[in-house]
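Structural overview
If you want the building blocks of each chain, they are given just below.
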Amino acid sequence: MNDTTAWRAQAEALLNDIADATRDGPGITRESYGPGEDAALQLLEQHAAALGLACEYDRARNLWMRLADDTRTDPVVVIGSHVDSVPQGGNYDGLAGVVAGMLVLSSLRGRHTQAAPVRVLALRGEESAWYGRAYMGSMALLGRLPAAALQLPHRTGAGAGTLGDAMARCGADVDAIARGESLLPVAAVAAYLELHIEQGPVMVARGWPVAAVTGIRGNVRHNRVRCIGEAGHSGAVPRWLRKDAVLAVAQLLSRMDEHWRVLLQMGMDLVMTSGICTTPAQSHAVSVIPGEVQFSFEARSQDA
Ligand SMILES: [Zn+2]
């Protein structure tokens, strides 16, 4: 068995074990600072031990792995990602980056002193689905999780406890986190690398096995834009006297779509979406000319 075949088998075994332990309907569920995430971390520890990796937890209860005999204290290259998921999410989202890091560590054995020390970081609490806030494990680690965030209720209601309760249950140092104490000296990190599944369809469409992220798009959002027309009887108002809000918004969005195409041709990075577009439920009807449309508008770009 060559190296690549062996690594593939190791990666599949680890990914499948964790999928089996956290399966939930059509996907997997690994709640942030909750049971599925705990199960995933325990299995990572077991596989790490089998690969000869040493494990330890930081005070935000993120899991760190290293080659057992690599105790160098130089700034480390961190390879990592998150192990939690949205409810019934995908097995590879986050976890693939942790598993890739473990295989890198394992492949460095015997020649690791030729390069900077590598650590693998399995982060907890990245997904906002559980407490309405993202990046909880990494922000807590850096002393940047606001104390108020610890009071956020679980998605199923306050009866299920707060983020602070869940973190404490996992053994995190909630007092230090509330004080905004940095639990990781940032100077100890030389670089951070994260392998992640692509969230979009481009790599599959282009047939690329792997690609580098060149940036993350920032966004501008208008959650509720109103277009006001004039309601009227669909059988009684002739075309020339109509002010149809639906047709106006349709025209506006198709003009913007055309504008978008031109900006792309000019070399700009841009995506735009109107994910919500509705007539008011209390007054709309098949036989009423729409007098109002509400829609959302979001634009994202890597350009300033
Ligand atoms: Zn992810």
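The model shown is predicted, which means the values in this text are computed figures rather than measured ones. (Residues numbered from 1 in each chain as written. Predicted model: local features only at pLDDT ≥ 70, side-chain atom pairs only at ≥ 80, totals over all residues. Heavy atoms only, no water.)

Moving on, we come to unusual backbone geometry. Excluding glycine, residues mostly have negative phi values, and the peptide bonds linking residues are mostly trans. The residue Arg61 is not glycine, and still its phi comes out positive at about 65 degrees. By the secondary structure assignment, Arg61 is in the loop between strand 3 (53–57) and strand 4 (63–67). Phi is positive for Gln88, close to 50 degrees, though the residue is something other than glycine. (Helix = DSSP H or I, 4+ residues; strand = E, 2+ residues; numbered from the N terminus.)

By secondary structure assignment, the location of Asp269 is in the loop between helix 8 (245–265) and strand 10 (271–273). A relative accessible area of 18% means that Asp269 is categorised as buried. Side chain to side chain, Asp269 and Arg217 meet in a polar contact 2.8 Å long. At 2.7 Å, the side chain of Asp269 forms a polar contact with the backbone nitrogen of Gln302. Filtering out sequence-adjacent residues up to four positions away, Asp269 remains in contact with Arg217, Arg300, Ser301, Gln302 and Asp303. (Buried < 20%, exposed > 50% of the residue type's maximum accessible area, 1.4 Å probe, protein only. Polar contact = N/O pair within 3.5 Å; in protein donor to acceptor, adjacent residues only side chain to side chain. Contact = heavy atoms within 4.5 Å.)

On to the coordination of the zinc ion. Summarising the metal site, the zinc ion is bound by the protein donors His82 (NE2), Asp93 (OD) and His196 (NE2), whose distances to it range over 2.0 to 2.1 Å. Between consecutive donor residues of the zinc ion, the sequence gaps follow H-x10-D-x102-H. Of the two residues, Asp93 sits in the loop between strand 5 (76–82) and helix 3 (95–108) while His196 sits in the loop between strand 7 (189–193) and helix 7 (202–206), which places them 103 residues apart along the sequence. (Donors = N, O, S within 2.8 Å, 3.2 Å for Na, K, Ca; no water.)

Below, the discussion takes up the domain arrangement of the protein chain. Domain annotation for the protein chain reports domain 1 (3–206) and domain 2 (220–301). One C-alpha centre belongs to domain 1, the other to domain 2; they are set 42 Å apart. (Domains from an automatic or database assignment.)

This part is about the sheet that holds strand 7. Read across the open sheet, the five strands follow the order 3-4-6-5-7; overall the sheet is mixed. Both outer strands of the open sheet, strand 3 and strand 7, are each paired with one neighbouring strand and no more. Averaged over all pairs of adjacent strands, the angle between strand axes in this sheet comes to 25 degrees, irrespective of strand direction. Judged from the six bridges that link them, strand 5 and strand 6 (residues 118–123) form a sheet pairing that is parallel. When the sheet's bridge partners are listed, Val77 is paired in strand 6 with Val118. Packed on one face of the sheet, helix 2 (residues 35–50) meets strand 3, strand 4 and strand 6 and runs near 150 degrees to strand 3. Packing against the sheet, helix 3 makes contact with strand 3, strand 4, strand 5 and strand 6, and its axis sits at approximately 160 degrees to strand 6. (Pairing = 2+ DSSP bridges. Axes fitted to C-alpha atoms, helices over the stretch in contact; angles between N-to-C directions.)

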